[in-house]
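Secondary and tertiary structure notes
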Amino acid sequence: MDSLAEPPVLPAPKRPAALARLYARPGFLLRRAHQISAAVFEDECRSLQLTPAQFGVLTVLSAHPGLGQSSLARALGFDKVTVLRVLRGLEARGLVVRQLDEGRRNVSVTLTATGTALLDQAGAPAEKAYRRLMAPLDRAQQQQLIELLQLLTGELEDHARAAFVPPGAESSRA
């Protein structure tokens, strides 16, 4: 074999239109926006070592102390495995306490004083992350984006892998 042979010619992409359609699909763009949102949040909250999921859990528990673990998962649209993983990490840091409810199979979760203090510290960086994420849009576009996302998620909620039920709404769904 000749070592000076011409390198093989690579074929041109056969389906550039299909690739363009992929990159314009809502699912692709929503996933990418979520990745960017998480990265911006984690950048702003790096000194607190706080993820968006952890912030969500702390926020819900601050508003609803003693919420059951299953209700907490539904309040954030998490599956049970995800909420358990997040809770274990928060518990290891002394930010939450999980307790088995007497006579029940449910586990209730409460913030510790340390968890409350961390949530208070996270308020400003979380707001800064929100402003950074929304900065490319003017106020009207920001409002429109939120309204469209609420419409999309509300209309398609029955197709979600994990239920989203805000605390207090559970009794009205029964």
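Coordinates for the structure precede this section.
First, a word on what this report is: a plain description of the structure on this page. (Residues numbered from 1 in each chain as written. Predicted model: local features only at pLDDT ≥ 70, side-chain atom pairs only at ≥ 80, totals over all residues. Heavy atoms only, no water.)

1. What about the sheet that holds strand S2 (residues 96-100)?
Pairing is antiparallel in the open sheet, where three strands are placed in the order S1-S3-S2. The open sheet is flanked by strand S1 (67-68) and S2, the only strands paired with a single partner. As paired strands, S2 and strand S3 (residues 107-111) are joined by five bridges and run antiparallel to one another. Counterpart to Val 97 in the pairing with S3 is Thr 110. Against the sheet, helix H5 (residues 80-92) touches S2 and S3, its axis set at about 120° to S2. (Pairing = 2+ DSSP bridges. Helix = DSSP H or I, 4+ residues; strand = E, 2+ residues; numbered from the N terminus. Contact = heavy atoms within 4.5 Å. Axes fitted to C-alpha atoms, helices over the stretch in contact; angles between N-to-C directions.)

2. Considerations on the pattern of salt bridges
Going through the model one piece at a time under the given rule, you end up with six salt bridges. For Arg 46, the salt bridge goes to Asp 43, with nearest N and O atoms at 2.9 Å. One salt bridge in this structure joins Glu 44 and Arg 132, with 2.6 Å as the shortest N-O distance. Placement of Glu 44 in helix H2 (residues 26-44) and of Arg 132 in helix H6 (residues 113-134) is noted, with a sequence separation of 88 residues between them. Of the residues examined, Glu 44 reaches a relative accessible area of 15% and is grouped as buried. Via salt bridges that share partners, Asp 43, Glu 44, Arg 46, Lys 128 and Arg 132 belong to a single interconnected network. (Salt bridge = Lys/Arg side-chain N within 4 Å of Asp/Glu carboxyl O. Buried < 20%, exposed > 50% of the residue type's maximum accessible area, 1.4 Å probe, protein only.)

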